[in-house]
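Structural overview
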Amino acid sequence: MLDVTRHGACFAGAVLLFFQAGAASAIDLPEAVRAWFITGRSIVCVDPDGNDRRCSVDEDTHIELRRSPDASRALAFVTYLPDPTGNATATTAAIFRAGETGWRHVRTLTEVRDPLAGKVIFSDRTATFAVAVPRRGDAHCCPTGRKTYRVGLP
């Protein structure tokens, strides 16, 4: 015969552990980047009628993440199609920081509008990286120039 009281207590304990684990789980970096990208006020897409809308992460969205050597900070570069009726891309970037509850958005790098072109070099207080920019005569698809940024890390 099955002891329902004992079995029920085990079930209740398992449910409690499940919810405690869920509540304590940290936000991972890709989840934090997605949340920032779809809710960021400076990131705007348009619908097929030309009306502003929130952007979404879909098959045309490319996310590149670079973490500092100590994994306490990260830079995210998101290249996306802001207008579904065309093929022009846009890039946005942001700084993220790891904390007790997971990763959180710290600052959007509004000055960065081009895709990452290589490594990110982290120091204690800065990150240095290059982005691809068009040179005179470059096709729109294929920029050959580089612009280097050094950004402070909070």
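Right, let's get into the overall build of the chain. Looking only at helices and strands, one finds two helices and nine strands in the chain. Split into buried and exposed, the 154 residues of the chain put 32% on the buried side. Considering only residue pairs separated by 6 or more positions, the chain has 41% of its internal contacts joining residues 24 or more positions apart. Accessible surface for the chain amounts to roughly 10,200 Å². Of this, 54% is attributable to carbon and sulfur atoms.

Glancing now at the environment of Ala 74. Among the structural elements, Ala 74 can be located in strand S4 (residues 73–80). The buried category is assigned to Ala 74, whose relative accessible area is 0%. In this structure the C-alpha to C-alpha distance between Ala 74 and Ala 98, which are 24 residues apart in sequence, comes to 8.2 Å.

Before going further, it helps to spend a moment on the state of the cysteines. Taken as a whole and judged by the stated rule, the model has two disulfides. Note on cysteine connectivity: Cys 45 is disulfide-linked to Cys 55, with sulfurs 2.1 Å apart. Given an S-S torsion of about 105 degrees, the disulfide between Cys 45 and Cys 55 has right-handed geometry. With a gap of ten residues between them, Cys 45 in strand S1 (residues 45–46) and Cys 55 in the loop between strand S2 (52–53) and strand S3 (62–67) connect regions that are remote in the sequence. Here Cys 141 is linked by a disulfide to Cys 142, with a sulfur-sulfur distance of 2.3 Å. On the sign convention where negative is left-handed, the bridge of Cys 141 and Cys 142, at about -85 degrees about the S-S bond, is left-handed. Disulfide partners in the chain, listed by the sequence order of the bonded cysteines, are 1-2, 3-4.

Read from one edge of the open sheet, four strands run S3-S4-S5-S6, paired in antiparallel fashion. Edge positions in the sheet fall to S3 and strand S6 (102–108), since each has one partner strand and no second. Neighbour-to-neighbour, the strand axes of this sheet turn through a mean angle of 30 degrees, independent of strand direction. Contacts from helix H2 (residues 29–39) reach S3, S4, strand S5 (90–99) and S6, with the element oriented near 130 degrees to S5.

So, on to the pairing of S5. Each regular strand shows side chains that alternate between the opposite faces of the sheet. Counting buried residues along S5, seven of its ten residues qualify, which places the element largely inside the surrounding structure. Count of turn residues in the S5/S6 antiparallel hairpin: two residues.

What follows is about the confidence of the model for the chain. On average, residues of the chain score 86 in pLDDT, and 84% of them reach the 70 mark or higher. Predicted confidence for residues 1–24 stays below pLDDT 50, and this span has zero contacts to residues more than four positions away or in other chains.

The next subject is the pattern of salt bridges. Side chains that differ in charge, positive against negative, can pair when their charged atoms come close. Under the criterion given, the structure shown has one salt bridge. In this structure, Arg 66 engages Glu 64 in a salt bridge whose closest nitrogen and oxygen atoms are separated by 2.9 Å. The exposure class assigned to Arg 66 is partly exposed, which follows from its relative accessible area of 26%.

Bringing unusual backbone geometry into the picture now. Of note, Ala 71 is a non-glycine position whose phi angle comes to about 60 degrees, a positive value. Examined against the element boundaries, Ala 71 turns out to sit in the loop between S3 and S4.

Relative to the helices and strands, Ser 72 resides in the loop between S3 and S4. Here Asp 70 takes part through its side chain, which lies 2.8 Å from a polar atom of the side chain of Ser 72.

The rules behind these values
- Residues numbered from 1 in each chain as written.
- Predicted model: local features only at pLDDT ≥ 70, side-chain atom pairs only at ≥ 80, totals over all residues.
- Heavy atoms only, no water.
- Helix = DSSP H or I, 4+ residues; strand = E, 2+ residues; numbered from the N terminus.
- Buried < 20%, exposed > 50% of the residue type's maximum accessible area, 1.4 Å probe, protein only.
- Contact = heavy atoms within 4.5 Å.
- Areas by Shrake-Rupley, 256 points an atom, 1.4 Å probe, with all protein chains shown as cover.
- Disulfide = S-S within 2.5 Å.
- Pairing = 2+ DSSP bridges.
- Axes fitted to C-alpha atoms, helices over the stretch in contact; angles between N-to-C directions.
- pLDDT = per-residue confidence, 0-100.
- Salt bridge = Lys/Arg side-chain N within 4 Å of Asp/Glu carboxyl O.
- Polar contact = N/O pair within 3.5 Å; in protein donor to acceptor, adjacent residues only side chain to side chain.

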